[in-house]
Amino acid sequence: MTQNYRITLLPGDGIGPEIIAVAVDVLKLIAKQHDLNFEFQEAPIGGAAIDLTGNPLPEETLQTCRNSDAVLLAAIGGYKWDNLPRHQRPETGLLGLRAGLGLFANLRPAKILPQLIDASSLKREVVEGVDIMVVRELTGGIYFGEPKGIFATETGEKRGVNTMAYTQSEIDRIGRVAFETARKRGSKLCSVDKANVLEVSQLWRDRIIALSAEYPDVELSHIYVDNAAMQLVRWPKQFDTIVTGNLFGDILSDAAAMLTGSIGMLPSASLGATGPGVYEPVHGSAPDIAGQDKANPLAQVLSAAMMLRYGLDQPAAAEKIEQAVLKVLDQGYRTGDIMSEGMKPVGCRAMGDVLLQALEQ
Ligand code: NAD
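Just so you know, these numbers come straight off a predicted model, no measurement behind them.

A.B. asks: So what's going on with the site of the ligand? Which residues, and what values?
C.D. replies: Within the structure, the ligand sits among 18 residues, and Glu91, Gly284, Ala286, Asp288 and Asn296 are positioned closest to it. For the ligand, an oxygen atom lies 3.2 Å from a polar atom in the backbone of Gly78. Contact between the ligand and Asn296: a nitrogen atom at 2.8 Å from a main-chain N or O atom of the residue. Bound to the protein, the ligand loses 68% of the 810 Å² it would expose on its own. For the shell around the ligand, a count of residues per class yields eight nonpolar, six polar and four charged.

A.B. asks: I'd like a rundown of the domain arrangement of the protein, residues and numbers included.
C.D. replies: You can read the domains of the protein as domain 1 (1-101 + 275-361) and domain 2 (105-272). Taking only C-alpha atoms into account, the centre of domain 1 sits 24 Å from that of domain 2. Counting from both sides, the interface comprises 23 residues of domain 1 and, opposite them, 22 residues of domain 2. Taken as a group, Val282, Met306 and Tyr310 account for 32% of the area that domain 1 buries against domain 2, more than any other trio of residues on that side. Linking domain 1 with domain 2 are zero salt bridges, by the criterion used here. Taken together, domain 1 and domain 2 are joined by seven residue pairs in polar contact (both at pLDDT 80 or more). For the side of domain 1 that touches domain 2, the secondary structure elements donating two or more residues are strand 12 (277-281), helix 10 (298-311) and helix 11 (315-330). Here the side of domain 1 that touches domain 2 takes seven residues from helix 10, the largest share from any one element. Residue composition of the side of domain 1 that touches domain 2, grouped by class: 13 nonpolar, four polar and six charged.

A.B. asks: Give me the lowdown on the pattern of salt bridges, citing residues and values where you can.
C.D. replies: Considering all chains together, one arrives at 17 salt bridges under this definition. Salt-bridge contacts for Arg108 lead to Asp254; the nearest nitrogen and oxygen are separated by 2.9 Å. Residue Arg108 is located in strand 4 (residues 105-111), and its partner Asp254 is located in helix 9 (residues 246-258); the two are separated by 146 residues in the primary sequence.

A.B. asks: How would you sum up helix 11? Please name residues and give values.
C.D. replies: Taking 1.5 Å of rise per residue, 16 residues should cover 22 Å, and helix 11 covers 22 Å from first to last C-alpha, within 8% of that figure. Residues of helix 11 that are buried: Ala317, Ala318, Ile321, Ala324, Val325, Val328 and Leu329. All buried residues of helix 11 project into a common sector of 135° when viewed along the axis, lining one side. Turning to helix 11, the residues buried within the fold contact helix 1 (16-33), strand 2 (36-42), helix 10, strand 13 (333-334) and helix 12 (348-360). One or two positions beyond helix 11, positive phi appears at Gly332, with a value near 95°.

A.B. asks: Just give me the short version of the packing of aromatic side chains, but keep the residues and values in it.
C.D. replies: What the rule picks out here adds up to four aromatic pairs. Site record: aromatic cluster; members linked through ring pairs are Tyr5, Phe38 and Phe40. Arg173 extends its terminal NZ or CZ atom over the ring of Phe104, reaching a point 4.2 Å from the ring centre. For the cation-ring pair, Lys344 lies above Tyr333, with the distance from its terminal atom to the ring centre recorded as 4.7 Å.

A.B. asks: An account of the side chain of Ser268 is requested, with residue identities and associated values reported.
C.D. replies: Mapping Ser268 onto the fold places it in strand 11 (residues 267-271). Ignoring any residue separated from it by four or fewer positions in sequence, one finds Ser268 in contact with Asn106, Leu107, Arg108, Pro109, Val278, Tyr279, Glu280, Val282, Ser303 and Met306.

A.B. asks: Can you break down the packing of helix 11 against helix 12 residue by residue, with the values?
C.D. replies: Interaxial distance between helix 11 and helix 12 falls to 9 Å at its minimum, and their mutual angle equals 120°. Of the possible angle classes, the one that applies to helix 11 and helix 12 is oblique. Note on packing geometry: the crossing formed by helix 11 with helix 12 is right-handed. For the pair helix 11 and helix 12, the contacting residues are Lys320, Ile321, Ala324, Val325, Lys327 and Val328 in the first and Met351, Val354, Leu355, Ala358 and Leu359 in the second. The residue makeup of the contact of helix 11 with helix 12, split by class, is nine nonpolar, no polar and two charged.

A.B. asks: Could you give an account of the nonpolar core, naming the residues involved and the relevant values?
C.D. replies: If you look at the biggest cluster of nonpolar residues, it comprises 72 residues, and the most contacted ones within it are Phe38, Leu72, Leu107 and Leu308. Considering each element in turn, this core owes the most residues, ten residues, to helix 1. Among all residues touching Phe38, those that are not within four sequence positions of it are Tyr5, Ile7, Leu27, Ile30, Ala31, Leu308 and Leu312. In this structure, Ile117, Val127, Val134 and Leu259 belong to the second largest nonpolar core, which totals 19 residues.

A.B. asks: Quick rundown of the sheet that holds strand 5 (residues 131-137)? Include the residues and the values.
C.D. replies: Taken in spatial order, the ten strands of this open sheet run 2-1-3-12-11-4-5-10-8-9, and their pairing is mixed. Two strands close off the open sheet at either side, each with one partner strand: strand 2 and strand 9 (219-224). With direction set aside, neighbouring strand axes in the sheet form an average angle of 25°. Each of strand 4, strand 5, strand 8 (188-193), strand 9, strand 10 (241-244) and strand 11 touches helix 6 (residues 168-183); the most contacted strand, strand 5, lies at about 165° to it.

Reading the values: the criteria
Residues numbered from 1 in each chain as written. Predicted model: local features only at pLDDT ≥ 70, side-chain atom pairs only at ≥ 80, totals over all residues. Heavy atoms only, no water. Near = heavy atom within 4 Å. Polar contact = N/O pair within 3.5 Å; in protein donor to acceptor, adjacent residues only side chain to side chain. Areas by Shrake-Rupley, 256 points an atom, 1.4 Å probe, with all protein chains shown as cover. Nonpolar A, V, L, I, M, F, W, Y, C, P; charged D, E, K, R; others polar. Domains from an automatic or database assignment. Contact = heavy atoms within 4.5 Å. Buried area = accessible area lost by both parts, 1.4 Å probe. Salt bridge = Lys/Arg side-chain N within 4 Å of Asp/Glu carboxyl O. Helix = DSSP H or I, 4+ residues; strand = E, 2+ residues; numbered from the N terminus. Expected span 1.5 Å × (residues − 1). Buried < 20%, exposed > 50% of the residue type's maximum accessible area, 1.4 Å probe, protein only. Arc of directions from axis to C-beta. Phe/Tyr/Trp six-rings, centres within 6.5 Å; stacked < 30°, edge-to-face > 60°. Lys NZ or Arg CZ within 6 Å of the ring centre and 35° of its normal. Axes fitted to C-alpha atoms, helices over the stretch in contact; angles between N-to-C directions. Parallel < 35°, antiparallel > 145°, perpendicular 65-115°, else oblique. Left-handed = near helix turned anticlockwise from the far one by under 90°. Core = buried A, V, L, I, M, F, W, Y, C linked by side-chain atoms within 4.5 Å. Pairing = 2+ DSSP bridges.

Below, the structure written as structure tokens:
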């Protein structure tokens, strides 16, 4: 029986419309091949929404997202809107979307593609075969904890304060996402904390250990964040799935992503407890190359694959897309950002065409 899904498309700004068009073509073809039906609805966000309505996240856009099974976002932002007041900036739309959909879990894979190993700054033997998923808590921890602010002390000196705090339920819900994610991968979960120094980390560790009783098939380990940073560049292959809080995850997910060397290739997913997740490339709107058919659409296409795997539970369709990406790279097709000697240069649209051909084969 045909499975129906409502997908909200948020092309946003810059290269967004170009790369999302490629992902939609790929999804339409995969739908035919896997007996799926996607009902796409497009809505404005970011600068595009500011131009249309004066608001970077119109209420209608948020409602459309809430009423869908998954949200495929490209990127927002650009020079044109850089000088607006904070509440009218494109980035405010993105934060509003995350808050509005209750997206507390951010999944960022860092997978080395054999064809792009030389783009990594690390040695081949260190990065070959790396396949890590960082699960980062997104709506708690030190970025949101109270009290925060810059206060005057009794002596009149200024003092800046942020508070790293997690409740048991906040830890449990991100822990569950991480254990479930590890189950869909290599069934190894490493929890990163600073439990030797921070009480908040001690609670984090206690809760993750307590949760592990529900997931006896997942092998759990713990590592301090400073050691995790070292191990990520020393021998990243030891990691499968990593779970950590907001601050540590912010830093470690960027470090892990850069093992792969190419920003135009990295997808991500942000998930809530219920309701649709948001699937988007890690990169921004690349205004410097917008409208020139130079953008690499593969991070967007791989984000669509993550949507199929983690949002719609269609792993076979996701796998097919990921294999097609590997195939076009094997065939030597490269956009400018991942170009190397002897390869075949293509633009955004042509990369889309060869992807469709690879899917048809
Ligand atoms: P960026 O990721 O947009 O671009 C950095 C560099 O990488 C640029 O040279 C760009 O041309 C290149 N690049 C990025 N994606 C590419 C792709 N798919 N193919 C080929 N080249 C690619 O980061 P930036 O320049 O710091 O930011 C530009 C705008 O994007 C800003 O307005 C920023 O606020 C916004 N931004 C949005 C998001 C998001 O929507 N999640 C994330 C980061 C930045």
